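What follows is each chain in one-letter form.
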Amino acid sequence: VSSFDWGNLAAGDFYGDEKDEIVIVSNEVGKNGYYIYSISAGNIVQDTEAIGWGAASDWVGAAAGNFDNTDREDFVLARNYNQEIRLFTHDTAGARTARSTISLKALLEIPANASITGIASGNVIDNILGDELVVLVNSPDYLTNGYYVLSLNTSTYQFEVKSQNTGWGTGHDWQALTVGDYDLSLIHI
């Protein structure tokens, strides 16, 4: 539907029913927020919406992964309104919880005029339980321009910087990000 100004989307088994659901963000005024869709009897149906986030949210990313090592996948949404990421998890009964809101400006020490241009998830550091979140940042400060790998501390439900590859200079205007095991030996970003 074109009147929603759809943004990024991600898919994962958020409900623990062994079927993937889709989370998608919208920047449309009055519909600004996220929506979760599933497949039922061969049709795509809306399960949930969480709207009313304000017209200037500037949603720029969605990623799904098992960040907290449970039997359900979680999702993270990123917005440039205040350079934040939001983690959403599901408990064993399937109830969604907005676990934490993390200011990337403070965590990554990026300038106020930097922007998040993409997020992705995968087991990129240690190849053991738990996915990490990778955040791509366009920054006018060449020292903070690049990507950051974040890992969830399951005691505090806050992300922590585990690795970064920055200092790439300015003017790159990054547009997208993906992670994966492209050569069967290492995860690449």
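It should be noted that the structure appears before, not after, this text.
Cut-offs and rules
- Residues numbered from 1 in each chain as written.
- Predicted model: local features only at pLDDT ≥ 70, side-chain atom pairs only at ≥ 80, totals over all residues.
- Heavy atoms only, no water.
- Helix = DSSP H or I, 4+ residues; strand = E, 2+ residues; numbered from the N terminus.
- Buried < 20%, exposed > 50% of the residue type's maximum accessible area, 1.4 Å probe, protein only.
- Areas by Shrake-Rupley, 256 points an atom, 1.4 Å probe, with all protein chains shown as cover.
- Phe/Tyr/Trp six-rings, centres within 6.5 Å; stacked < 30°, edge-to-face > 60°.
- Lys NZ or Arg CZ within 6 Å of the ring centre and 35° of its normal.
- Pairing = 2+ DSSP bridges.
- Axes fitted to C-alpha atoms, helices over the stretch in contact; angles between N-to-C directions.
- Core = buried A, V, L, I, M, F, W, Y, C linked by side-chain atoms within 4.5 Å.
- Contact = heavy atoms within 4.5 Å.
- Polar contact = N/O pair within 3.5 Å; in protein donor to acceptor, adjacent residues only side chain to side chain.

Digging into the overall build of the chain
On a plain count of helices and strands, the chain comes out with one helix and twelve strands. For the chain, the α and β elements follow one another from N to C terminus as β-β-β-β-β-β-β-β-α-β-β-β-β. Within the chain, the fraction of its 189 residues that count as buried is 46%. Total accessible area on the chain is roughly 9300 Å²; 49% of this is exposed by carbon and sulfur atoms.

Regarding the environment of Leu-152
Take Leu-152: it is sitting in strand 11 (residues 146-153). Separated by 86 residues in sequence, Leu-152 and Asn-66 place their C-alpha atoms 9.9 Å apart.

Here's the deal with the packing of aromatic side chains
For the structure on display, the rule yields eleven aromatic pairs. For the pair Phe-4 and Trp-6, a centre-to-centre distance of 4.7 Å together with 0 degrees between the ring planes defines the contact as stacked. Among the residues examined, Trp-6 registers a relative accessible area of 28% and is labelled partly exposed. Taking 6.4 Å as the distance between ring centres and 75 degrees as the angle between the ring planes, the aromatic pair formed by Trp-6 and Tyr-37 counts as edge-to-face. With Trp-6 in strand 1 (residues 6-12) and Tyr-37 in strand 3 (residues 33-40), this residue pair connects regions lying 31 residues apart in the sequence. It is Lys-31 that lies over the ring of Phe-4; its NZ or CZ is 4.4 Å from the centre. Between the NZ or CZ atom of Arg-79 and the centre of the ring of Trp-59, over which it lies, the distance is 5.5 Å.

Here's the deal with the sheet that holds strand 3
The antiparallel open sheet is built from four strands, whose spatial order is 1-2-3-4. A strand with exactly one partner marks an edge of an open sheet, and here the two such strands are strand 1 and strand 4 (43-51). Across this sheet, the average inter-strand angle for adjacent strands is 25 degrees, counted without regard to direction. Relative to strand 2 (residues 21-26), strand 1 is paired through five bridges, and the arrangement is antiparallel. Bridge assignment links Leu-9 to a residue of strand 2, and that residue is Ile-24.

Considerations on the sheet that holds strand 10 (residues 132-138)
With antiparallel pairing, the four strands of this open sheet are ordered in space as 9-10-11-12. Two strands lie at the open edges of the sheet, namely strand 9 (115-122) and strand 12 (158-166), each paired on one side alone. Neighbour-to-neighbour, the strand axes of the sheet open up by a mean angle of 25 degrees, direction not taken into account. Here strand 9 runs beside strand 10; their pairing, made up of seven bridges, is antiparallel. Within the sheet, the bridge partner assigned to Gly-122 lies in strand 10 and is Glu-132.

Overview of the pairing of strand 7 (residues 84-90)
Here strand 7 lies mainly inside the structure; seven of its seven residues are buried. When strand 6 (residues 74-79) meets strand 7, the two strands line up antiparallel, connected through five bridges. From the neighbouring strand, Phe-75 faces strand 7, where its bridge partner is Phe-88. What sits between the antiparallel neighbours strand 6 and strand 7 is a turn of four residues, in which Gln-83 has the positive phi angle 50 degrees.

Regarding the nonpolar core
For soluble globular proteins, nonpolar side chains are generally found buried alongside one another. Among the nonpolar cores identified, the biggest contains 21 residues, and Val-76, Ile-85, Ile-119, Leu-133, Val-135, Leu-150 and Phe-159 are the most heavily contacted of them. Non-local contacts of Leu-133, meaning those with residues more than four positions away in its chain, are made with Ala-63, Phe-67, Val-76, Ile-85, Ile-119, Ala-120, Tyr-148, Val-149, Leu-150 and Phe-159. Residues Phe-14, Val-23, Ile-36 and Phe-75 belong to the second largest nonpolar core, which totals 13 residues.

Let's talk about the side chain of Asn-27
Mapped onto the secondary structure, Asn-27 falls in the loop between strand 2 and strand 3. Here Asp-58 takes part through its backbone nitrogen, which lies 3.4 Å from a polar atom of the side chain of Asn-27. In this view, Asn-27 contacts Phe-4, Asp-5, Asn-32, Ser-57, Asp-58 and Trp-59; residues no more than four positions away in its chain are not counted.

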